Amino acid sequence: MAVQFAKTLGFSGMTALAVGVLFYVLSAGKSAASAAYTLNDTYLGMGFVFVLALVIGLAVWPGVLEKG
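Structural notes, computed from the coordinates.

What counts, and at which threshold
Residues numbered from 1 in each chain as written. Predicted model: local features only at pLDDT ≥ 70, side-chain atom pairs only at ≥ 80, totals over all residues. Heavy atoms only, no water. Helix = DSSP H or I, 4+ residues; strand = E, 2+ residues; numbered from the N terminus. Rg over C-alpha atoms; globule rule 2.2 N^0.38 Å. Buried < 20%, exposed > 50% of the residue type's maximum accessible area, 1.4 Å probe, protein only. Contact = heavy atoms within 4.5 Å. Phe/Tyr/Trp six-rings, centres within 6.5 Å; stacked < 30°, edge-to-face > 60°. Expected span 1.5 Å × (residues − 1). Bend = angle between axes of the 7 residues up to and from the residue.

1. Structural notes on the overall build of the protein chain
Moving on, step 1. Looking only at helices and strands, the protein chain features 2 helices and 0 strands.
Moving on, step 2. Computed over its C-alpha atoms, the radius of gyration of the protein chain comes to 15 Å, more than 25% above the 11 Å expected for a compact globule of 68 residues.
Moving on, step 3. The principal-axis extent of the C-alpha atoms belonging to the protein chain is close to 50 × 20 × 15 Å.
Moving on, step 4. When each of the 68 residues of the protein chain is scored for burial, the buried share is 18%.
Moving on, step 5. In the protein chain, of all internal contacts separated by at least 6 residues, the share reaching a separation of at least 24 is 71%.

What follows is the structure, encoded as structure tokens:
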């Protein structure tokens, strides 16, 4: 059970990190083109997306890993 949770947490963490970096890259380009978004907005948004993706990944990855 613990190995399964560690595996799920690893996959979920890597997925959340990838989604967070993707959000950062896309929002950094958007904030460079517009003065409406600050660097603080980008960092807080990246943190929010990371946490949200981590929670969703923890719900989705166990079913995916069980089938594979």
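2. Let's talk about the packing of aromatic side chains
Moving on, step 1. What the rule picks out here adds up to 2 aromatic pairs.
Moving on, step 2. On the basis of an interplanar angle of 5° and a centroid distance of 6.3 Å, the ring pair of Tyr24 and Tyr43 is categorised as stacked. With Tyr24 in helix H1 (residues 2-33) and Tyr43 in helix H2 (residues 39-67), the pair connects residues that are 19 residues apart, well separated along the chain.

3. Quick notes on H2
Moving on, step 1. If you check H2, its first and last C-alpha atoms are 41 Å apart, about what 29 residues at 1.5 Å a residue would give, namely 42 Å.
Moving on, step 2. Of all the bends in H2, the largest measures some 35° and sits at Val60, one to four residues before the proline Pro62.
Moving on, step 3. Along H2, the residues that are buried comprise Thr42, Gly45, Val49, Ala53, Gly57 and Leu65.

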